[in-house]
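# Topology and contacts: notes
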Number of protein chains: 4
Amino acid sequence: MTHKIAILGASGYTGAELIRLIAEHPNMEIVALSGERKAGQSMAEVFPHLRHLDLPVLCKIDEIDFAGIDLCFCALPHKTSQEVIRALPSTLRIVDLSADFRLRDPEAYRKWYGNDHVALEQQAEAVYGLTEFYRDQIRTARLVAGTGCNAATGQYVLRPLIAAGVIDLDEIILDLKCAVSGAGRSLKENLLHAELSEGYNAYAVGGTHRHLGEFDQEFSALAGRPVQVQFTPHLIPANRGILATAYVRGDAQTVFETLAAAYADEPFLHVLPFGETPSTHHVRGSNHCHIGVTGDRLAGRAIVIAALDNLTKGSSGQALQNANLMLGETETTGLTMAPLFP
Amino acid sequence: MTHKIAILGASGYTGAELIRLIAEHPNMEIVALSGERKAGQSMAEVFPHLRHLDLPVLCKIDEIDFAGIDLCFCALPHKTSQEVIRALPSTLRIVDLSADFRLRDPEAYRKWYGNDHVALEQQAEAVYGLTEFYRDQIRTARLVAGTGCNAATGQYVLRPLIAAGVIDLDEIILDLKCAVSGAGRSLKENLLHAELSEGYNAYAVGGTHRHLGEFDQEFSALAGRPVQVQFTPHLIPANRGILATAYVRGDAQTVFETLAAAYADEPFLHVLPFGETPSTHHVRGSNHCHIGVTGDRLAGRAIVIAALDNLTKGSSGQALQNANLMLGETETTGLTMAPLFP
Amino acid sequence: MTHKIAILGASGYTGAELIRLIAEHPNMEIVALSGERKAGQSMAEVFPHLRHLDLPVLCKIDEIDFAGIDLCFCALPHKTSQEVIRALPSTLRIVDLSADFRLRDPEAYRKWYGNDHVALEQQAEAVYGLTEFYRDQIRTARLVAGTGCNAATGQYVLRPLIAAGVIDLDEIILDLKCAVSGAGRSLKENLLHAELSEGYNAYAVGGTHRHLGEFDQEFSALAGRPVQVQFTPHLIPANRGILATAYVRGDAQTVFETLAAAYADEPFLHVLPFGETPSTHHVRGSNHCHIGVTGDRLAGRAIVIAALDNLTKGSSGQALQNANLMLGETETTGLTMAPLFP
Amino acid sequence: MTHKIAILGASGYTGAELIRLIAEHPNMEIVALSGERKAGQSMAEVFPHLRHLDLPVLCKIDEIDFAGIDLCFCALPHKTSQEVIRALPSTLRIVDLSADFRLRDPEAYRKWYGNDHVALEQQAEAVYGLTEFYRDQIRTARLVAGTGCNAATGQYVLRPLIAAGVIDLDEIILDLKCAVSGAGRSLKENLLHAELSEGYNAYAVGGTHRHLGEFDQEFSALAGRPVQVQFTPHLIPANRGILATAYVRGDAQTVFETLAAAYADEPFLHVLPFGETPSTHHVRGSNHCHIGVTGDRLAGRAIVIAALDNLTKGSSGQALQNANLMLGETETTGLTMAPLFP
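Scoring rules and cut-offs
- Residues numbered from 1 in each chain as written.
- Chains lettered and ligands numbered in written order.
- Predicted model: local features only at pLDDT ≥ 70, side-chain atom pairs only at ≥ 80, totals over all residues.
- Heavy atoms only, no water.
- Helix = DSSP H or I, 4+ residues; strand = E, 2+ residues; numbered from the N terminus.
- Rg over C-alpha atoms; globule rule 2.2 N^0.38 Å.
- Buried < 20%, exposed > 50% of the residue type's maximum accessible area, 1.4 Å probe, protein only.
- Contact = heavy atoms within 4.5 Å.
- Areas by Shrake-Rupley, 256 points an atom, 1.4 Å probe, with all protein chains shown as cover.
- Lys, Arg positive; Asp, Glu negative; His and termini not counted.
- Charge placed at Lys NZ, Arg CZ, Asp CG, Glu CD.
- UniProt positions renumbered as here; feature names shortened; annotations may be inferred.
- Buried area = accessible area lost by both parts, 1.4 Å probe.
- Salt bridge = Lys/Arg side-chain N within 4 Å of Asp/Glu carboxyl O.
- Polar contact = N/O pair within 3.5 Å; in protein donor to acceptor, adjacent residues only side chain to side chain.
- Nonpolar A, V, L, I, M, F, W, Y, C, P; charged D, E, K, R; others polar.
- Expected span 1.5 Å × (residues − 1).
- Bend = angle between axes of the 7 residues up to and from the residue.
- Least-squares fit on C-alpha atoms with pLDDT ≥ 70 in both.
- Pairing = 2+ DSSP bridges.
- Core = buried A, V, L, I, M, F, W, Y, C linked by side-chain atoms within 4.5 Å.
- Domains from an automatic or database assignment.

Let's shift gears to the overall build of chain A. In terms of regular secondary structure, chain A is built from 11 helices and 14 strands. For 342 residues, the compact-globule estimate of 2.2 N^0.38 gives 20 Å, and the C-alpha radius of gyration of chain A, at 19 Å, lies within 12% of that figure. Taken across its 342 residues, chain A has 68% of its residues classed as buried. Counting only contacts in chain A whose residues sit at least 6 apart along the sequence, the fraction spanning at least 24 positions is 69%. On chain A, roughly 10500 Å² of surface is accessible, and the fraction owed to carbon and sulfur atoms is 48%. Positive and negative charge centroids in chain A, built from 28 and 39 side chains respectively, lie 3 Å apart.

What follows is the structure in structure tokens.
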């Protein structure tokens, strides 16, 4: 059986990545693509790399007949997403890739995003989309909130360690290195090739990045007490990839074993042999996440590093993985492609 | 039915690219991988991006039992390839990715490669592997010689034009821009990131590049008279991609129509609307080739530009396309993935 | 004696490059910097790489007292430049970096730029700023029009050959490869790192690039008859650099000797030994231009390749070289820094 | 008075960088350049970007007459350097850029470098070359040991804080991001453009990087007690730059004020306004170092980030700064060039 799929916001990078993945999915068919500003254009115009595919022309959201849609991916900007989803049929299965439904607490949402949420009813039913930890709820969910790409990476490193109580909850530092596609297709000076290539810098320093809202929510729930990590993202001159370097306090071997055991059966999460370090080179374009654990020369300290592709495992791949679960498909269908190297 | 596949020279880029592609092929199974210098190592060590795959450990060629192999890809260096293939079972289906069997004339081989060919018998039976133009012979071939990546790109631009007699055969200039993976995984100063990134240059200027041997052979055969193009390759700071800019004399609209008609039914060759220009961005990691035609302000001159991924359509993707034909598979199986963008 | 310098349009790349160069000039002092939209900001905000310099705050043009200015660099966008320069004191020495005063023929200007020129009086007195060929006029000029960066590169390759009559004037092809800073600090999708890095493409194909106006004007004047070259620029994923590959008809050795003789005494134009090829890697950040000549395998054809830095020799370095001449300084002062490699 | 300068090991990146800088120095003249493997070659062959300079041909070290040399830069590999320097005239002023004379304790040297030191006499007289902290000793030194580029960056961040006692000495984490030229011109697979560009990874994880020897030596001496930091370097796809992100415990405002006061009079060390973050983009090719301080959302924690160019301030620029002091020149001569951006 072929599932009819709509993608709202198909003119951005996560929309294009969804199309790339779904094009290879044997049981999904894209029947509608929206792009408000580019409505009427073909995907060949908006993303020439997709010109070989037979795809619907971009339309406006209100031109879509959702009656025939089995599942809708929503790749719209924050704030827009909640307004759109509020108005969609209440029975439509939705995987949202924005930040709008990630935070369960409306207060936390307001704190990190600066505005009141306008779709609290939908927010209440949303399931957090970190597949490996919310599988059962996702299977039966109507609305799944895809995680932030940085938030996913940090959680793959830390969740099993927090849950198992093998690290000091007050001494967690997450130094993240992100590629530029995480910033989307937005026209900003610092995202220009001339300004970004050949250099790098930190941003949102000092605990101000919005993905901290997700870390706080998830880690505190896991620990049963407030947990606040230090988190500093850095912008790296590359297009895809997140590398999270976590500095934790705990026995390195125990940290390793805890992660290895937690992910032993996961198709996409790979814990490297102790002492090896992952690279974003080795996951590009794939849904895989590589995780490495090393002990520091200082006893009782471990370094855990994770690498994934922000557009795939960190966003659209995760979204498809969730959609597979919601539609009763095998979780890995359409997601088994190997990374592109070099 | 699953075909048993061997890949000789699996520790180079074209070998790794073959594995990436075959891993998604429903009817192929990799049963042997060779790498003389790295024999005994796992692919996870040699190419960590393939660590999620269940692959044979690298072995030496003489450890492989070819009796159980349906088809062997040979991704060895020039000169080594002919020595190895000469010694393989004479009934084994082989797709060779080296330059060793591309030139039919031993004199031409000696001229361009500087040594005598040691496998003239195999050379005599080899079929030139430019799929779209040698399909029928490839279907029944035992040994197929994959084309050079530059040579493939140039031929996609020029073959239909030469065959149709719509351009001046003595006034063809091919200015090529190539990414660095075409040079392979070789340790040379000019291939270091520090020496290559942020700059670019021509090389093998003046008609000295070896792929000219293929151009001369193929274009002259097509035209029924000697054809010698001017060909200047440039090394560009990118990992994948070839952009061929051809300057030809002929009516631009006729040039366009000739190419459009020639490739109308080709699954991987796409002629863009007249006046549009292709980009290597839009074919990366895929088996697609985009071709654009524009007329110059000077009457009677046209510019034809083609873009493809040197490792995929220019090498390993082409090889798999040929293997599909040789094994009775659908030609496009395992090759339909969309490009990776960004 | 220290010359008082103003730079209009200091918030763009050519403005910043001028500041970088002038900061090391022993006899120039920057006393005014304009930036309409960023007036009131310090240069440390606009270009943090200049924060160590003691520079004036950005102001609006009409806030500048030009009475105390010895020379004004105008790094404004096309069209804006002519409006501004028309209103500046008629005795003020000006080096303009825009396209506005490059074309002597108002018809040609209208053809290539699509609008009527509003400062025809100033246009009439402007001297074309290709230093090596207009030195004497520049020394006494009040208004110098900096050349286009592509136009400069192409002219360094071709002018001596056209002047000496050693190549066929009807068979000149110029295939150019340009880095992205040539497009300025403009917010366009195709200039984003995510869209530009790792790929390349032609643009303005078919004789539509505006710098053709300069080629036509200069080459025709030199030859004493109309000369129209074929010119195709390509956008390369690098920040600085232009590589011009010229395909000409003529004896390669004669071509080489003509260029070597023409530039024998030039401080910044270096003809490489016959058969060597230049690279943009080797001129980055400098005012040098490297030129290489090779013969093709086809008799009577030569390939001439030139490399320079579009922001330095192609724009701001050229501008400073001209300013030195206008102010009676040694031509090379402030311009002798070596390229940055790697 | 012009000082006669020799550079040993001129065929590597730090050697070339020294030449770039010294070429603009008004009072230095390069009279000898050594390169054992490339002896007899001109610099134009080894580094074509230096072809415009009038430089000595590369020779072997034993061909140099050191009698006429005022100061010798030694840019040789570790281990080679100590063997060479041991044999040089004992009165010759030397600035060594290798690791050989950085560690005062022969045991520490053996621990981090794995071999016995063969020039203990010279080691005993060597002065550690971190200019800002060893100025007086450097002025009268005969042999100065240039610091490691990572070690310099980390020390600029941490020395004033350790000296002032404003941070917890047992809770220092240094997460470093380095560009590839720090690895030198060595032919290694992971330094190839195809393997490095578009991805990033940590290396020497767990406290195994050799620059820790310098951190331990210097920080412990400053504190008067053992200090061991956590230090994890990451390799970033860029050619120049180091970004050090330090996580420290202490009052952020105090941290800021301590650094700002310490560097108030330094010509090359710039503390940004509180809360701003530096970028390697803004120091490329210059001798400047930018330092930013931010408080974390967790009270009592600060993040200090420093950016410099590893080849300039981190190595050859520092070396020239020291040479200026040793020769009685103004410290900043030849080092005032602005960064190259973009």
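Residues and elements named next belong to chain A. UniProt marks C149 with the feature "active site" (unreviewed entry), using the numbering shown here. Tracing the backbone shows C149 in helix α7 (residues 149-164). In contact with C149, not counting residues within four places along its chain, are H211, I242, N310 and G314.

Structurally, Q318(D) can be placed in helix α11 (residues 312-326). Once you skip the residues sitting within four places of it in the chain, Q318(D) turns out to touch G129(D), L130(D), T131(D), G146(D), T147(D), A152(D), N287(D), T312(D) and K313(D).

Here we come to the interface of chain A and chain D. Tallying the contact residues gives 55 residues for chain A and 55 residues for chain D. Together, the buried faces of chain A and chain D total about 4600 Å²; carbon and sulfur atoms form 50% of this surface. Of all residues in chain A, the largest losses of buried area upon contact with chain D belong to E198(A), Y200(A) and R297(A), amounting jointly to 20% of the total for that side. Among the salt bridges present, the one from R249(D) reaches E171(A), with a minimum N-O distance of 2.3 Å. Counting across the interface, chain A meets chain D through 47 residue pairs in polar contact (both at pLDDT 80 or more). Looking at the side of chain A that touches chain D residue by residue, the class counts come to 24 nonpolar, 18 polar and 13 charged.

Another aspect to go through is helix α11 (residues 312-326) of chain B. Two residues of an α-helix separated by three or four positions point the same way, owing to the 3.6 residues in each turn. Residue and element names in this part refer to chain B. In this model, α11 (15 residues) spans only 18 Å end to end at C-alpha, well below the 21 Å of a helix rising 1.5 Å per residue. Roughly 40° is the biggest bend found in α11, and it falls at Q318. With 15 of 15 residues buried, α11 lies mostly within the body of the structure. Positioned one or two residues after α11, G328 has a phi angle of 75°, which is positive.

Okay, the UniProt feature "domain: Semialdehyde dehydrogenase NAD-binding" (unreviewed entry) in chain A next. In the numbering used here, UniProt assigns the "domain: Semialdehyde dehydrogenase NAD-binding" (unreviewed entry) feature to residues 4-141 of chain A. The span residues 4-141 of chain A carries 33% helix and 17% strand; its end-to-end C-alpha distance comes to 18 Å.

We now examine the relation of the copies chain A and chain D. The transform that puts chain A on chain D rotates by 180° and translates by 0.0 Å along the axis, for an RMSD of 0.0 Å. Viewed as a symmetry operation, the transformation between the two copies matches a two-fold axis. Comparing interface residues between copies, 100% of those in chain A also lie at the interface in chain D; the contact surface is shared.

Within a sheet, each strand pairs with its neighbour through backbone hydrogen bonds, oriented either parallel or antiparallel. Residue and element names in this part refer to chain A. Ordered in space as β3-β2-β1-β4-β5-β7-β6, the seven strands form an open sheet in which the pairing is parallel. Of all strands in the sheet, those bounded by a partner on one side alone are β3 (58-59) and β6 (127-128). Of the strand pairs in this sheet, strand β1 (residues 3-8) and strand β2 (residues 28-34) are connected by six bridges, and their pairing is parallel. Pairing of A6 across the sheet is with A32, part of β2.

One face of the sheet, then the other: side chains in a regular strand alternate in exactly this way. Residues and elements named next belong to chain C. Strand β11 (residues 242-249) sits mainly inside the fold: eight of its eight residues count as buried. In this structure, strand β8 (residues 173-178) lies alongside β11, joined through six bridges in antiparallel fashion. Across the sheet, residue K177 finds its bridge partner in β11, namely L243. Across eight bridges, the pairing between β11 and strand β14 (residues 301-308) is antiparallel. In the strand pairing of β14, L243 is matched with A307.

Let us look at the nonpolar core. Grouped together as the largest cluster of nonpolar side chains are 179 residues, with contacts concentrated most on F73(B), L158(B), F73(D) and L158(D). Residues in contact with L158(D), not counting those within four places in the same chain, are I167(D), I172(D), L174(D), F219(D), A246(D) and V248(D). Among the nonpolar cores identified, the runner-up in size contains 178 residues, and I30(C), F47(C), I167(C) and F231(C) belong to it.

Turning to the sheet that holds strand β8 (residues 173-178) of chain D, a few remarks are in order. All names here are of chain D. Within the open sheet, the seven strands sit side by side as β9-β10-β8-β11-β14-β13-β12. Their pairing is mixed. Among the strands making up the open sheet, the edge pair consists of β9 (201-202) and β12 (269-271). Two elements, β12 and strand β13 (residues 289-295), share three bridges in a ladder whose sense is parallel. Residue L269 lies in a different strand from β13, and its bridge partner there is C289.

Counted residue by residue, helix α1 (residues 13-22) of chain A has nine buried out of 10 residues, so it is predominantly covered. Along α1(A), the residues that are buried comprise Y13(A), G15(A), A16(A), E17(A), L18(A), I19(A), R20(A), L21(A) and I22(A). Packing partners of the buried residues in α1(A) comprise β1, β2, α2 (43-46), β4 (71-74) and α11 (312-326) of chain A together with α8 (193-196) of chain C.

With that settled, consider the domain arrangement of chain A. Residues and elements named next belong to chain A. Along its sequence, chain A is carved into domain 1 (3-147 + 313-326) and domain 2 (150-309). The C-alpha-based centres of domain 1 and domain 2 are spaced at 24 Å. Taken together, the contacts link 26 residues of domain 1 with 32 residues of domain 2. Ranking the residues of domain 1 by area buried against domain 2 places Y13, W112 and K313 at the top, with a combined share of 31%.

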